[in-house]
2 protein chains.
Amino acid sequence: MKKFEEKTIKTEQIFTGRMIDLSVDTVVLPDGTESTREIVKHPGAVAIIALTDEGKIVVVEQYRKPLEKSLLEIPAGKLELGEDPVETAKRELEEETGYRANRITYLTSSYTSPGFANEILYFYLADQLTAVENGLQADDDEFVEVFEYTLEELAGFEKSQRIHDLKTSYAIQYLKLRNDKGTF
Amino acid sequence: MKKFEEKTIKTEQIFTGRMIDLSVDTVVLPDGTESTREIVKHPGAVAIIALTDEGKIVVVEQYRKPLEKSLLEIPAGKLELGEDPVETAKRELEEETGYRANRITYLTSSYTSPGFANEILYFYLADQLTAVENGLQADDDEFVEVFEYTLEELAGFEKSQRIHDLKTSYAIQYLKLRNDKGTF
C-alpha cells in the first residue's frame, strides 16, 4: 500500500555506522508541501522463542547501553549481509545460548519502530534443543548470561521490568495464547 | 540491573533532529576492552488500544517513510517535552482519530529496539469513546485515515501485512488474551 506516499526529493546521508545508518530525507507530502523525515536504516534482525524439552524458555541477560540497564530478553541478533534470516536465527541461538535447534519454525515478521527506523524482526520458534560443546562464540563485544525460565516466571519478570522490551513481551503473549489453545 | 555494565568514556554527538538524536559512545566492556555503541535517543511515545462501544478497534493508516509503505496501526505518537504519557495518549487519540476517551487505562511500558534506541512505548486501553467535532488537529505533516475493525479483521490484516508493526501485533495478542479470559 502506498496511500499518502511521500516522495523523496533529497536525501542527506548523516551517518554510516557499524549497526545503523542515519539519513534525513526531504519529502513532498500528499498536500504538496515539503517536510523532512529522519530515517534510521538497520539490516533487520531475528528473535528466537527457544523452548527446552522441559517447556522452559531460553532467555539471555545483557546490558543495553541505550537504556543504561541490563534486560532479560529472548535471544536475538542482526542479519549479516545477504544472510537468510533462518540461518541468522540458528547462528544467534547457538552463539548466545550454546543451544542448537533440531527444529526451527518461522512465525512472523514485524517492524519495531516504523516512525523512524526500518528495523524488521523475524520471529522463529526453536525446539528440540541440543547443548553444543565448543560451538559458535558470541561477538567479542557481546556479554550475555543464559537462563531458562517457565512462562509464569517470565510473566513475573515483566512486572518487575527485568523483562522490558517489546519482542520479549510479544513472545510471552504468543506462548500464553499457544497454551490457551492447548497446543503445548 | 547493571550486570555487564558498559561505562561511557566518550560521547560523540552526531545528530540532533526533530524526532531523534544520534550519538556514538565509546564504552569500556566488562573485560576491560573498548568498543563503540551507536545510540538513538527518542523522547518516548504512547500507543493506544481504543475500543468502540461495538467492540471494534480504532486504527489509523499512514505512510511510513522508513518502510516506503503505508501501514495500518493502533494510534500512537511521541511525547512532548515534560508531558505526562496519559495526556499524550488522550491528545494523540483525539488528534489522530477524532475520538475522546471517557476512560483510559495504563497497561504497560516497553522498549521497542533496545539494541540501538531508547524509545519506550507506553500502552493505554481507551474506551467509552465520544466523537469530537472540531477537536484537536493532527500535526501539519501527518496524513492519516481512520478505520474501525473487529479483532478478527485485524488478525486478517496481519496475515496480508497491511498490519506489520510490533506494537499493533502486541495489541492484537493483548485483545485475544483478554477475550480468552472472558473479560470482554
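All values reported here derive from a predicted model rather than from experimental measurement.

Caption draft 1: Representation of the interface of chain A and chain B in the model. Contact with chain A, which involves 73 residues of that partner, is made by 73 residues of chain B. Linking chain A with chain B are 6 salt bridges, by the criterion used here. We note a salt bridge from A:Arg37 to B:Asp141, for which the minimum N-O separation is 3.1 Å. In this structure, the connection of chain A to chain B is made through 41 residue pairs in polar contact (both at pLDDT 80 or more). In terms of residue count, helix 3 (residues 166-180) of chain A provides more of the side of chain A that touches chain B than any other element does, 9 residues in total. Residue classes in the side of chain A that touches chain B are distributed as 31 nonpolar, 17 polar and 25 charged.

Caption draft 2: Broad picture of the relation of the copies chain A and chain B. Mapping chain A onto chain B calls for a rotation angle of 180 degrees and an axial translation of 0.0 Å; the resulting RMSD is 0.0 Å. Put plainly, the chains are arranged around a two-fold axis.

Caption draft 3: Geometry of the environment of B:Val27. For B:Val27, the position within the fold is in strand 2 (residues 21-28). Given the relative accessible area of 0%, B:Val27 is considered buried. Between the C-alpha atoms of B:Val27 and B:Arg37, which are 10 residues apart in sequence, the distance is 7.2 Å. Setting aside residues up to four positions removed in sequence, B:Val27 forms contacts with A:Lys65, B:Glu6, B:Lys7, B:Thr8, B:Ile9, B:Thr33, B:Glu34, B:Ser35 and B:Arg37.

Caption draft 4: Representation of the pattern of salt bridges in the model. Residue and element names in this part refer to chain A. Counted according to the given criterion, the structure contains 36 salt bridges over all chains. Residue Arg64 is joined to Glu73 by a salt bridge in which the shortest nitrogen-to-oxygen separation is 2.8 Å. As far as burial versus exposure is concerned, Arg64 and Glu73 are alike and both buried.

Caption draft 5: Broad picture of the UniProt feature "domain: Nudix hydrolase" (unreviewed entry) in chain A. Within this structure's numbering, the places UniProt gives as "domain: Nudix hydrolase" (unreviewed entry) are residues 40-176 of chain A. Its end C-alpha atoms 33 Å apart, residues 40-176 of chain A is made of 24% helix and 40% strand.

Caption draft 6: A look at unusual backbone geometry. A positive phi angle, near 50 degrees, is found at A:Gln128, a position not held by glycine. With respect to the helices, strands and loops of the structure, A:Gln128 is situated in strand 9 (residues 120-131). Positive phi, normally seen in glycine, also occurs at B:Phe4, with a value near 60 degrees. Mapped onto the elements, B:Phe4 comes out in the segment before strand 1 (7-16).

Caption draft 7: Representation of the layout of surface pockets within the structure. A volume near 890 Å³ is recorded for the largest pocket. Contributing elements (two or more residues each) for the lining of the largest pocket: strand 3 (34-41) of chain A together with strand 5 (57-64), strand 7 (76-78) and helix 1 (85-97) of chain B. Among the elements that take part in the lining of the largest pocket, strand 3 of chain A stands out by supplying 4 residues, more than any other. In this structure, the second largest pocket occupies an estimated 760 Å³ of space. If you trace the second largest pocket, you find 35 residues lining it, with A:Met19, A:Arg64, A:Lys78, A:Glu142 and B:Gly115 closest to the centre. Taken together, the elements giving at least two residues each to the lining of the second largest pocket come down to strand 5 (57-64), strand 7 (76-78) and helix 1 (85-97) of chain A together with strand 3 (34-41) of chain B.

Caption draft 8: Main features of the pairing of strand 4 (residues 45-50) of chain A. Residue and element names in this part refer to chain A. Counting buried residues in strand 4 gives 6 out of 6 residues, a clear majority hidden from the surface. Across 3 bridges, strand 4 lies against strand 7 in antiparallel orientation. Across the sheet, residue Ala47 finds its bridge partner in strand 7, namely Ala76.

Caption draft 9: View of the sheet that holds strand 8 (residues 99-111) of chain B. All names here are of chain B. Across the sheet, 4 strands lie side by side as 7-4-9-8; this open sheet has mixed pairing. Sheet topology places strand 7 and strand 8 at the edges, where each strand pairs with a single neighbour. For this sheet, the mean angle separating the axes of adjacent strands, direction not counted, is 25 degrees. Of the strand pairs in this sheet, strand 4 (residues 45-50) and strand 9 (residues 120-131) are connected by 6 bridges, and their pairing is parallel. Opposite Val46, over in strand 9, you have Tyr122 as the bridge partner. Lying over the sheet, helix 3 (residues 166-180) contacts strand 4, strand 7, strand 8 and strand 9, oriented at roughly 60 degrees with respect to strand 9.

Caption draft 10: Spotlight on the environment of A:Glu73. By secondary structure assignment, the location of A:Glu73 is in strand 6 (residues 69-73). Note: C-alpha distance between A:Glu73 and A:Ile49 (24 residues apart in sequence) is 9.9 Å. If we ignore the near neighbours within four places in the chain, the residues touching A:Glu73 are A:Val59, A:Val60, A:Gln62, A:Arg64, A:Asp165, A:Lys167, A:Thr168 and B:Pro114. Side chain to side chain, A:Glu73 and A:Arg64 meet in a polar contact 2.8 Å long.

Conventions and cut-offs
- Residues numbered from 1 in each chain as written.
- Chains lettered and ligands numbered in written order.
- Predicted model: local features only at pLDDT ≥ 70, side-chain atom pairs only at ≥ 80, totals over all residues.
- Heavy atoms only, no water.
- Contact = heavy atoms within 4.5 Å.
- Salt bridge = Lys/Arg side-chain N within 4 Å of Asp/Glu carboxyl O.
- Polar contact = N/O pair within 3.5 Å; in protein donor to acceptor, adjacent residues only side chain to side chain.
- Helix = DSSP H or I, 4+ residues; strand = E, 2+ residues; numbered from the N terminus.
- Nonpolar A, V, L, I, M, F, W, Y, C, P; charged D, E, K, R; others polar.
- Least-squares fit on C-alpha atoms with pLDDT ≥ 70 in both.
- Buried < 20%, exposed > 50% of the residue type's maximum accessible area, 1.4 Å probe, protein only.
- UniProt positions renumbered as here; feature names shortened; annotations may be inferred.
- 1 Å grid on protein atoms, 1.4 Å probe; cavity = no way out; pocket = protein on both sides within 12 Å on 5 of 7 lines; lining within 4 Å.
- Points joined across faces, edges and corners; volume = space filled by probe spheres on them.
- Pairing = 2+ DSSP bridges.
- Axes fitted to C-alpha atoms, helices over the stretch in contact; angles between N-to-C directions.

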